[in-house]
Amino acid sequence: MTSSSKTASPDAGGGARIELRGVGVRYANAANAAVHEVDLTIEAGEFAVLLGPSGCGKSTLLRTINRLVEPTSGTVLIDGADVLERDATVVRRGIGYVIQAVGLFPHYTVAQNVGVVPQLLGWDAAAIDARVDELLELIRLDPARYRDRKPRRLSGGEAQRVGVARALAARPRVLLMDEPFAAVDAIVRASLQDEIARVHRELGTTIIFVTHDVDEALRLADRVVVMNAGRIVQTAPPDELLARPADAFVRDLVGVDPETRRLVLERPLIER
Ligand SMILES: Nc1ncnc2c1ncn2[C@@H]1O[C@H](COP(=O)(O)OP(=O)(O)OP(=O)(O)O)[C@@H](O)[C@H]1O
Ligand SMILES: [Mg+2]
């Protein structure tokens, strides 16, 4: 094997670069656009967090990336390829997607849930089995104990972990997460944040994560993308966002007390 083809692990594929160019969305019969001509580039391997109040267009913008929402204008490029020119189903299978209502299939075991996309992609059974075990270990659920459980025998936090494993199963280079941890209590949420930060470090997947929780955004993001009323108002790393909020809206959102926010940022929950 030549050194150029050597990879550290089967997951070392890293992440894809995402470019949104003039992406606008107006839903049918809506008086106003949900998203106004947004330009945003997310670098390969970046952890970007979309932050903003309810209804500002975070989910809509996120869903243009995996074609769950068709933009009314503009283009979405993944590693330079226009997603609108590719088959929507193929695009979707290549992108991990995690939402608040985990949506595990209740009659499938954990292993069957995690293996859904590899199955659709025609992987052979042994490869799926191996991948399921690898992912359950990655999200710290003992395969021997969890493989054959049905979702109703999982806690909320465990179900969310399985949702993350399922989204990662086919080694996507992009992972979209829409308020994935909003439904669990604060302690479980902190541990899930820790897990996803570690997974991101280990796999280098490009992650776009939606939240309206400022602390969650500041903890996780390489860059925070602040949205208001369908527009991006600031894109900046957490420390810059705190030090130099672009306007009064951002200042109010991240809090009038920057010292307190800094303490939050410096919490040793996740090594940054
Ligand atoms: N399927 C839809 N049809 C029509 N309008 C929609 C649809 N989905 C969302 N909207 C509207 O588009 C706007 C943006 O919604 P979106 O769900 O993207 O907001 P959000 O920032 O994700 O909010 P939240 O934090 O509450 O999830 C809102 O005004 C919403 O009412
Ligand atoms: Mg939303």
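Chemist: So what exactly am I meant to see when it comes to the layout of surface pockets here?
Modeler: Empty space among the atoms becomes apparent when a probe as large as a water molecule is rolled across them. In this structure, the largest pocket occupies an estimated 450 Å³ of space. As for the largest pocket, its lining consists of 21 residues, of which Arg 92, Ile 95, Tyr 97, Val 117 and Arg 166 are closest to the centre. Elements that contribute at least two residues to the lining of the largest pocket include exactly α2 (88-93), β6 (95-99), α4 (116-120) and α7 (156-168). In terms of residue class, the lining of the largest pocket is built from 13 nonpolar, five polar and three charged.

Chemist: Even after reading the chapter, I still don't get the site of ligand 1, so can you show me in this structure?
Modeler: Around ligand 1, the neighbouring residues are Tyr 27, Ala 34, Pro 53, Ser 54, Gly 55, Cys 56, Gly 57, Lys 58, Ser 59, Thr 60, Glu 179 and His 212. One nitrogen or oxygen atom from the side chain of Lys 58 is found 2.8 Å from an oxygen atom belonging to ligand 1. Between Thr 60 and ligand 1, the recorded distance is 2.5 Å, taken from a side-chain N or O atom to an oxygen atom. Burial of ligand 1 by the surrounding chains reaches 55%, relative to a free accessible area of 630 Å². Across the shell around ligand 1, the residue classes break down as four nonpolar, six polar and two charged.

Chemist: Please clarify how the sheet that holds strand β7 (residues 174-178) should be interpreted in this entry.
Modeler: What holds strands together in a sheet is hydrogen bonding between their backbones, with the strands either parallel or antiparallel. As summarised here, the arrangement of the six strands in space is β6-β7-β8-β3-β9-β10, forming an open sheet in which the pairing is mixed. Since the sheet does not close on itself, it has two edges, and those belong to β6 and β10 (231-236), each with one partner. Taken over all neighbouring pairs, the strand axes of this sheet differ in orientation by 15° on average, direction set aside. Note: strand β3 (residues 47-51) against strand β8 (residues 206-211), five bridges, orientation parallel. Each bridged residue has a counterpart across the sheet, and for Leu 51 the counterpart in β8 is Thr 211.

Chemist: Can you help me understand the side chain of Glu 19 in this one?
Modeler: Looking at the element boundaries, Glu 19 is found in strand β1 (residues 18-25). For Glu 19, the side chain forms a polar contact with the side chain of Arg 21, separated by 3.0 Å.

Chemist: Looking at this structure, how should I read the packing of aromatic side chains?
Modeler: For the coordinates displayed, the defined rule picks out three aromatic pairs. Ring centres 5.2 Å apart and planes at 55° place the aromatic pair Phe 105 and Tyr 108 in the tilted group. Relative accessible area serves as the criterion here: at 38%, Tyr 108 is assigned to the partly exposed category. Through a chain of ring-to-ring contacts, three or more aromatic side chains come together here, namely Phe 47, Phe 181 and Phe 209. The ring of Tyr 146 carries Arg 149 above its face, with NZ or CZ at 4.5 Å from the centroid. The cationic tip of Arg 166 hangs over the ring face of Phe 105; the distance from NZ or CZ to the ring centre is 6.0 Å.

Chemist: Would you explain the side chain of Glu 195 in this entry?
Modeler: Mapped onto the secondary structure, Glu 195 falls in helix α8 (residues 186-203). The buried category is assigned to Glu 195, whose relative accessible area is 12%.

Chemist: Please explain empty space enclosed by the protein as it appears in this structure.
Modeler: Enumeration over the complete set of coordinates arrives at two cavities of 30 Å³ or more. For the largest cavity, the calculated volume is near 60 Å³. Every residue along the wall of the largest cavity is listed here: Ile 139, Gln 160, Arg 161, Val 164, Phe 181, Leu 192, Glu 195, Ile 196 and Val 199. Looking at the lining of the largest cavity, the elements that each hand over two or more residues are α7 and α8. Per element, the largest residue contribution to the lining of the largest cavity is four residues, and it comes from α8.

Chemist: Please explain the packing of α7 against α8 as it appears in this structure.
Modeler: To describe two helices that pack against each other, one gives the angle between their axes and the distance between the axes. Here α7 crosses α8 at 20°, and the two axes come no closer than 10 Å. Relative to α8, the element α7 lies roughly parallel. Handedness of the α7/α8 crossing: right-handed. In this structure, α7 uses Gly 157, Gln 160, Arg 161, Val 164 and Leu 168 to contact α8, whose residues at the interface are Val 188, Ser 191, Leu 192, Glu 195, Ile 196, Val 199 and Leu 203. Split into classes, the residues belonging to the contact of α7 with α8 amount to seven nonpolar, three polar and two charged.

Chemist: Sorry if this is basic, but what is going on with the confidence of the model for the chain here?
Modeler: Predicted coordinates in regions of low pLDDT should not be interpreted in detail. Within the chain, residue pLDDT values average 87, and 89% of them lie at 70 or more. This model gives residues 1-12 a pLDDT under 50, and the stretch forms eight contacts once residues within four places in sequence are excluded. In this model, residues 268-272 is a region of pLDDT below 50 whose contacts with residues beyond four sequence positions or in other chains number 17 contacts.

What counts, and where the lines are drawn
- The numbers attached to residues start from 1 for each chain and follow its sequence in the written order.
- A letter from A marks each chain and a number from 1 marks each ligand, given out in the order of writing.
- Residues qualify for local features only when their pLDDT is at least 70, as the model is predicted, and side-chain atom pairs are given and counted only at 80 or more; totals for whole chains, interfaces and linings, by contrast, use all residues.
- Where side-chain values are given, they derive from all heavy atoms of the structure, hydrogens and water being excluded.
- Of the two site types, the cavity is a set of points on a 1 Å grid over the protein atoms alone where a 1.4 Å probe fits but cannot get out, and the pocket is an open set with protein on both sides within 12 Å along at least five of seven lines, each lined by residues with an atom within 4 Å of a point.
- Grid points are joined across faces, edges and corners, and a volume is the space filled by probe spheres set on the points.
- A helix here means a DSSP run of H or I that spans at least four residues, while a strand means a run of E at least two residues long, and both kinds are numbered starting from the N terminus.
- Any residue outside Ala, Val, Leu, Ile, Met, Phe, Trp, Tyr, Cys, Pro, Asp, Glu, Lys and Arg is labelled polar, Gly included; the first ten of those are nonpolar and the last four are charged.
- A molecule or strand has a residue near it when one of that residue's heavy atoms lies within 4 Å.
- Pairing of N or O atoms within 3.5 Å defines a polar contact, subject to two protein rules: one partner must be a possible hydrogen donor and the other a possible acceptor, and residues neighboring in sequence count only if both atoms are side-chain atoms.
- Throughout, the Shrake-Rupley method with a 1.4 Å probe supplies accessible areas, and for residues the shown protein chains are the sole cover considered.
- Between any two strands, pairing holds if DSSP finds at least two bridges.
- Interaxial angle, 0 to 180 degrees, is taken between N-to-C directions of lines fitted to C-alpha atoms, where a helix line uses only the stretch in contact.
- Paired rings are identified among Phe, Tyr and Trp, the last through its six-membered ring, by centres lying within 6.5 Å, and are further divided according to the angle between planes into stacked (under 30 degrees), edge-to-face (over 60) and tilted (the rest).
- Only protein chains enter the accessibility calculation, which uses a 1.4 Å probe; a residue whose area is less than 20% of its type maximum is buried, one above 50% is exposed, and one in between is partly exposed.
- To sit over a ring, a charge needs its Lys NZ or Arg CZ within 6 Å of the ring centre and within 35 degrees of the ring normal.
- Roughly parallel covers angles under 35 degrees, roughly antiparallel covers those over 145, roughly perpendicular covers 65 to 115, and oblique covers all other angles.
- Rotating anticlockwise by less than a right angle from the far helix to the near helix defines a left-handed crossing, while the corresponding clockwise rotation defines a right-handed one.
- Two residues form a contact once any of their heavy atoms are found within 4.5 Å.
- As a per-residue quantity, pLDDT reports the predictor's confidence and falls between 0 and 100.

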